[in-house]
2 protein chains.
Amino acid sequence: MRNIRMKIAYDGTRYNGFQTQPGGNTIQDVIESALETLTGARTRIVGSGRTDARVHAEGQVFNFHTESRIAVERWALALNSRLPEDIRVVETAAEVPDDFHARFSAKRKTYRYSICIGKFHDVFRRNFEFHHPSPKLDVDAMREALLRLQGEHDFTSFTTNHADEKSHVRTIYSAELRVEDRRLDLYWTGNGFLYNMVRIMAGTLIQVGQGKIGEAAISDILHGRNRLLAGPTAVAHGLTLVDVDYGESDEE
Amino acid sequence: MRNIRMKIAYDGTRYNGFQTQPGGNTIQDVIESALETLTGARTRIVGSGRTDARVHAEGQVFNFHTESRIAVERWALALNSRLPEDIRVVETAAEVPDDFHARFSAKRKTYRYSICIGKFHDVFRRNFEFHHPSPKLDVDAMREALLRLQGEHDFTSFTTNHADEKSHVRTIYSAELRVEDRRLDLYWTGNGFLYNMVRIMAGTLIQVGQGKIGEAAISDILHGRNRLLAGPTAVAHGLTLVDVDYGESDEE
């Protein structure tokens, strides 16, 4: 069996998230059904991780095993011609070693949470960013709070109570806040993220920007290991999975 | 009667264009019905011009006469709370002299035609730009052709045959091509545009970029005054009405 890896972008607006679930209408379902028409065989894909309903991806990665002999350079176009317009393969496929697993082999992931500041939301980006109607967000305080989330921490306060991971310790290698016109983007790159972790960090930072939480309180929130200490979970549609890194860049 | 002017942005994807028509589902219909709930009176708006189905606006302008005493600074938020998410008032309303007419008083308009270059379209901008799948577009030739469209010309070759305007002479004050990553934007500012003129100019420039029309042929196409000489009408969804200028900036 060959092991094929692909990178996709999707507008998650009309889907119930990435991963197959009883309610159907997931990105995984759509891709598996496109792969079945393409290869003639029921094919199961493994994503680098779930994304929730209305969450987007610029660089989600999945892999699958197949008997198909389609040449590596033909997969992307062949699959794209069978996918709806809001899901797109964005790179030439790669044939990878048999033990490559899109989830377990991932070394780093980068997420972005996008905020539109101002009286009126942007009609063209309304599904891709959270609209904050007041211009009064203290960006310096947010940047300071963001720095305090960097590094290795127990992120229990930043995940939903019933998360089933054994350890809540994760490392955020870098965190960045970018402002351009009315748009504020929060970026996090880390070795892994707990369920809802990015959205809770974003919701907490928004409260820091609003002056409801002091930037220095971030350390107390981390140490408290209690979801109730952090801010609310920011709305899903502001979140985008930007990239998944498998460590190849280290070899360059 | 007061005369009120407003500026709106809209994602034209799901509408049959700006102006009321028998098929319904137009942006004008939606705004007039929101104004009716707001003021209690049937209200007719006048736009700066039509935009076709799937065409967008960042700065469309309309005006309307009303007996309503709503304060000028309250109109925008009050109307926005009654509009769907894909139509948004983007500036505080203005009370204007009785003879102000959004169409006849307009001095200049700016349109943008957006093209995405590359194998895969951008899922987040798929409704807002034309996707050109081959990277081989000769940008220099397009820029040269764009310059030849600047100035005062008879644009008969760049409008549909049955346009009912008396004169086909228009002036393009400035034309610009901007490239950023995979995105190519064509901008035109002029004193007016004939029906389909921007889309035909865009379709012609794309053929220049593809090498199907030489950049020097633009002058012959203009002089020929024949729609058949120009390139095809580019798809509607790449077009955006960026701004309408009423000459106030001259007074600054």
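All values reported here derive from a predicted model rather than from experimental measurement.

Student: Can you break down the UniProt feature "binding site: substrate" (unreviewed entry) in chain A residue by residue, with the values?
Tutor: All names here are of chain A. In this numbering, the UniProt entry assigns the feature "binding site: substrate" (unreviewed entry) to Y111. You can see Y111 is positioned in strand 6 (residues 108–117). Leave out the neighbours within four places in its chain, and Y111 touches R50, L186, Y187, W188, F193, V198, L239, T240, L241 and V242.

Student: Please provide a residue-by-residue account of the interface of chain B and chain A, values included.
Tutor: Contacts between chain B and chain A engage 23 residues on the former and 23 residues on the latter. When chain B packs against chain A, the two sides together hide about 1,900 Å² of surface, and 68% of this comes from carbon and sulfur. On the chain B side of the interface with chain A, the three residues burying the most area are F120, F124 and R126 of chain B, jointly 36% of the side's total. Applying the counting criterion to the chain B and chain A interface returns two salt bridges. Its salt-bridge partner being R126 of chain B, residue D11 of chain A comes within 3.0 Å of it at the nearest N-O pair. Only strand 1 (2–10), strand 3 (56–66), helix 2 (75–80) and strand 4 (87–89) of chain B provide two or more residues apiece to the side of chain B that touches chain A. Along the lines of polarity and charge, the residues of the side of chain B that touches chain A split into 11 nonpolar, four polar and eight charged.

Student: Could you give an account of the UniProt feature "domain: Pseudouridine synthase I TruA alpha/beta" (unreviewed entry) in chain A, naming the residues involved and the relevant values?
Tutor: UniProt records the feature "domain: Pseudouridine synthase I TruA alpha/beta" (unreviewed entry) for residues 9–104 and 148–246 of chain A in the present numbering. Along residues 9–104 of chain A one finds 20% helix and 22% strand; the C-alpha atoms at either end are 20 Å apart.

Parameters and conventions
Residues numbered from 1 in each chain as written. Chains lettered and ligands numbered in written order. Predicted model: local features only at pLDDT ≥ 70, side-chain atom pairs only at ≥ 80, totals over all residues. Heavy atoms only, no water. UniProt positions renumbered as here; feature names shortened; annotations may be inferred. Helix = DSSP H or I, 4+ residues; strand = E, 2+ residues; numbered from the N terminus. Contact = heavy atoms within 4.5 Å. Buried area = accessible area lost by both parts, 1.4 Å probe. Salt bridge = Lys/Arg side-chain N within 4 Å of Asp/Glu carboxyl O. Nonpolar A, V, L, I, M, F, W, Y, C, P; charged D, E, K, R; others polar.

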